[in-house]
Amino acid sequence: MKFHWFAEASYPKLPPDFRAKKISSWVDTPKSLHDPHVVGEMCRMFIRLMQQADRDGFDGLAVNEHHQTPFAVTPSPNLLAAALAHTTQRAAILIIGDSLALYNPPTRVAEEMAWLDCLSGGRVIAGFVFGTPMDSVYAYGIPPAELRDRFEEARQLILKSWAEQEPFAFNGKYTKLRYVNLWPKPIQPKFPIWVPGSGSVETWDLCIENDYCYGHLSFSGLHSAKPLVDAWWEYCDMRGADTNPHRMAFTQLICCANTDAEAERLYTDGVKYFYRNRYTNPAYEAPPGYRSSKSVQAIMGHRKIAESKLSAEDRARAASGEMSFWEYDKHGFIIAGTPARVRQRLREMCTDLRIGQLIACLHQGDLPEEVAVENTRLMGQEVMPGLRDLWAEHEDRWTPAATQLPLAKAAE
Amino acid sequence: MQFQTFGAASVRLWRFGQGHPVLWLHGFEGHPGDAPYLRRLAETRLVIAPEHPGFGESEGLSAMQDITDQALHFRRVIRALGTRRIDVIGHCLGGMFAAELAAISPHLVRRLILVGSYGLWDDANPLPDAFSLAPPAFAAAKWAKPEAAPATTEDPMTRQRNLGSATKFLWPIPDRGLIRRLPFIEAPTLVLHGAQDGLVPPAYGQRLAALIPNAGFQAIEGAGHMPMLEAEDAFTNAVTSFLG
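Residues numbered from 1 in each chain as written. Chains lettered and ligands numbered in written order. Predicted model: local features only at pLDDT ≥ 70, side-chain atom pairs only at ≥ 80, totals over all residues. Heavy atoms only, no water.

Caption draft 1: A look at unusual backbone geometry. Backbone torsion omega between Ile96 of chain A and Gly97 of chain A reads -5°, so that peptide bond is classified as cis. For Gly97 of chain A, the location among the structural elements is in strand S3 (residues 92-99). Between Trp171 of chain B and Pro172 of chain B the backbone carries a cis peptide bond, its omega angle lying at -5°. Note that Pro172 of chain B resides in the loop between helix H5 (156-170) and helix H6 (178-181). (Helix = DSSP H or I, 4+ residues; strand = E, 2+ residues; numbered from the N terminus.)

The following block contains the structure:
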């Protein structure tokens, strides 16, 4: 079982009536609502927390890409990754990931990931994402009709630019380059590659056909996630694909404290802030053509199963920050409490969903730094050691070799 | 209606009436099918109305790498019909296609009518984002009288597919360089526009008419983006008197 530290770098000082005013938290959120000095403080905090996570034994530090949103002020994950690659020693630099269709030319992704691999001593996990509709379609203007095609062409170019030893020409539909010749080349002969998705069958095929790790990165609670994760594993079975748990990554909000009562006291505000301020104009979330008809139908089927467990009304309450702390916990939006309780619930969930790569979200919303410090410490020192046996019999091909060395050896 | 293959595209094609042929190119929401206004045009001529690749049940969008491929697709359609010169009416997205066709194949187009047509962009008067307008706002922009608009019977999945395919040419800005090619249009052209069109405001039609060498502009009162539905008589009269 592997554990990766992650947080959505949420802008922490949105006005209290942000949600009540139904301001979209993505694409056209008024810039007047933020102060760049606060963003600077926030970035420094996340870097400190991830440096701590590296010392506390996490296997990876996850960074992601979003645009034009206070929900995650990380327009370039590679910049954050650079700060971490230089100031951490052991953990993987989990870039989850670069939105391939948005880089022009896409060799930019290949170069930056290779450079980060050099800087980090071979610790980079290469994540390829389509990007949310808000990011790729609205903020970056890619026609949905072209998104998958552009992603695929970029992916081919990036893989070839890492693998080829001689300069080559690339005559794509969207990118034409006479000389592709990467400097630097990455340390790792073959990057571990992860691709997150939200249930599109086409993304499952991509992961299965290329032996990628598939990530279900959502915050919609266990009831929404379970039908999708179950369907993914059934699909793997149906296609005769490897069902090694390490090829599945999953995000989970975690709120750890010395007592359950303290967890409620420390985390309630942050969790509610996180959910309350995620409202996005529905049109931005579902532009026509972003998903294929086949995937839309499949996803609607999964949603029906989810709704049988948690009503649409309850889901709306969760999404607007109106559930109680323990209701969030009960429905799996968060896993909270003492290290023993968190450990037990994670064991049940990861066993049930067959998850080998847990992306633990240890900071939420406007949580104070000292609470996230303690969360990270408890998770690293008291929760994770008791879960290392899970899936230990399965090899992990999806994290870099350099990060799989025993701690003592890595310190040498 | 029948399926017909043109190059890499297999599309549905409706044919009505007989006489001098007119090609009807539909808008971004989808093919109108057996629409009354097409039947009316077919009283005096042969109406050929293909569905665009990637819309409804028609395939072949992946072969349309850019707007040139799309215009050449219609050239194939006209050639396959065996006629040399044809009248072309394009509505909305279809208007953008029709103008492109007339610019790069002027020898094939006898007369051209552009209805509520996309293809231009004006920074001083930006078009609304038709893909993200909430349904009530979309209806208010589309119709002169939204409260009297015909109920839609379209399958929502088909509509999503159609709009998704339309993004190929309309997203993020519906400008694929048509303005540079408008001077190459030789056909006498009528730019028709619903006076209350909120999706493509009439100023866009006036600009088209000003940039096409031999074009006139006509607004249809009491109509929005769908003058053939909201003002069918005025629309039909304008079309038939222009085509002769």
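Caption draft 2: Quick peek at the sheet that holds strand S6 (residues 109-115) of chain B. Residues and elements named next belong to chain B. Taking strand neighbours across the sheet as the criterion, the eight strands line up as S1-S2-S4-S3-S5-S6-S7-S8 in an open arrangement whose pairing is mixed. Each of the sheet's edge strands pairs with one partner strand only, and the pair in question is strand S1 (2-6) and strand S8 (215-220). Strand-to-strand twist across the sheet, computed as the mean angle between neighbouring axes with direction ignored, equals 25°. Two elements, S6 and strand S7 (residues 189-194), share four bridges in a ladder whose sense is parallel. (Pairing = 2+ DSSP bridges. Axes fitted to C-alpha atoms, helices over the stretch in contact; angles between N-to-C directions.)

Caption draft 3: The pattern of salt bridges, seen in detail. Residue and element names in this part refer to chain A. Evaluation of the coordinates by the stated rule reveals 34 salt bridges over all chains. Residue Arg397 pairs with Asp211 through a salt bridge whose shortest N-O separation is 2.9 Å. With Arg397 in the loop between helix H14 (369-383) and helix H15 (407-411) and Asp211 in the loop between helix H6 (201-210) and strand S8 (213-216), this residue pair connects regions lying 186 residues apart in the sequence. Where Arg347 meets Asp389, a salt bridge forms, and the shortest distance between an N and an O atom there is 2.8 Å. One end of the pair, Arg347, is in helix H13 (residues 339-353); the other, Asp389, is in the loop between H14 and H15, with 42 residues separating them in the sequence. What emerges from the salt-bridge pattern is a single network uniting Asp211, Asp242, Arg247, Glu395 and Arg397. (Salt bridge = Lys/Arg side-chain N within 4 Å of Asp/Glu carboxyl O.)

Caption draft 4: Main features of the nonpolar core. Judged by nonpolar contacts, the single largest core of 175 residues is most densely connected at Phe128, Trp162 and Met379 of chain A together with Phe28 of chain B. With eight residues, the single largest contributor to this core is helix H3 (residues 93-104) of chain B. Leaving out residues up to four positions away in the same chain, Trp162 of chain A has contacts with Ala110, Met113, Ala114, Ala126, Phe128, Leu182, Pro186, Phe191 and Ile193 of chain A. In terms of nonpolar packing, the next biggest core, distinct from the first, is built from 27 residues, Leu38, Leu190, Ile220 and Phe235 of chain B among them. (Core = buried A, V, L, I, M, F, W, Y, C linked by side-chain atoms within 4.5 Å. Buried < 20%, exposed > 50% of the residue type's maximum accessible area, 1.4 Å probe, protein only. Contact = heavy atoms within 4.5 Å.)

Caption draft 5: Spatial organisation of the pairing of strand S5 (residues 168-171) of chain A. Residue and element names in this part refer to chain A. The alternating pattern of S5 places Phe168 and Phe170 on a buried face, while none of Ala169 and Asn171, on the opposite face, is buried. Alignment of S5 against strand S6 (residues 176-180), held across three bridges, turns out to be antiparallel. When the bridges of S6 are listed, Asn171 appears paired with Lys176.

Caption draft 6: Structural view of the side chain of Arg123 of chain A. Residue and element names in this part refer to chain A. By the element assignment, Arg123 lies in the loop between helix H3 (107-120) and strand S4 (124-129). Buried charge without a salt bridge: Arg123, with Asp54 as the nearest opposite-charge side chain at an N-O distance of 4.6 Å. One polar contact links the side chain of Arg123 to the main-chain carbonyl oxygen of Ser120, over a distance of 2.7 Å. (Lys, Arg positive; Asp, Glu negative; His and termini not counted. Polar contact = N/O pair within 3.5 Å; in protein donor to acceptor, adjacent residues only side chain to side chain.)

Caption draft 7: Focus on H3 of chain B. Residue and element names in this part refer to chain B. Taking 1.5 Å of rise per residue, the twelve residues of H3 would be expected to cover 16 Å, and the 17 Å separating its terminal C-alpha atoms lies within 8% of that figure. With respect to burial, H3 is a largely interior element, eleven of its twelve residues being buried. The inward-facing, buried residues of H3 contact strand S3 (21-25), helix H2 (67-81), strand S5 (86-91), S6, H5 and H6. (Expected span 1.5 Å × (residues − 1).)

Caption draft 8: Up close: the interface of chain B and chain A. On the chain A side, the residues contacting the 16 residues of chain B number 19 residues. For the pair chain B and chain A, the summed buried area comes to about 1300 Å², and 63% of that belongs to carbon and sulfur atoms. The tally of links between chain B and chain A comes to one salt bridge. Our count for the contact surface shared by chain B and chain A stands at three residue pairs in polar contact (both at pLDDT 80 or more). (Buried area = accessible area lost by both parts, 1.4 Å probe.)

Caption draft 9: Looking closely at the packing of aromatic side chains. Evaluation of the coordinates by the stated rule reveals 28 aromatic pairs over all chains. The interplanar angle of 70° and the centroid separation of 5.0 Å between the aromatic rings of Tyr138 of chain A and Trp171 of chain B together place this pair among those described as edge-to-face. Residue Tyr138 of chain A is found in helix H4 (residues 133-139), and its partner Trp171 of chain B is found in the loop between H5 and H6; the two belong to separate chains. Judged by relative accessible area, which is 12%, Tyr138 of chain A ranks as buried. The exposure class assigned to Trp171 of chain B is buried, which follows from its relative accessible area of 7%. On the numbers, 5.1 Å between centres and 85° between planes, the contact of Phe274 of chain A with Tyr275 of chain A is edge-to-face. For Phe274 of chain A, a relative accessible area of 4% gives the class buried. A residue is classified by how much of its surface remains accessible, and Tyr275 of chain A, at 1% relative accessible area, is buried. Three or more aromatic residues joined by ring pairs make a cluster, and in this case those are Trp26, Phe71, Phe219, Phe274, Tyr275, Tyr328 and Phe333 of chain A. Lying across the ring of Phe242 of chain B, Arg111 of chain B places its NZ or CZ 4.7 Å from the centre. The positively charged end of Arg159 of chain B is found above the aromatic ring belonging to Phe138 of chain B, 5.2 Å away from the centroid. (Phe/Tyr/Trp six-rings, centres within 6.5 Å; stacked < 30°, edge-to-face > 60°. Lys NZ or Arg CZ within 6 Å of the ring centre and 35° of its normal.)

Caption draft 10: Inspection of the packing of helix H7 (residues 222-238) of chain A against H13 of chain A at higher detail. Axis separation between H7 of chain A and H13 of chain A bottoms out at 10 Å; the angle between their running directions is 35°. From H7 of chain A, Leu222, Lys226, Val229, Asp230 and Trp233 of chain A reach across to H13 of chain A, where they touch Met349, Asp352 and Leu353 of chain A.

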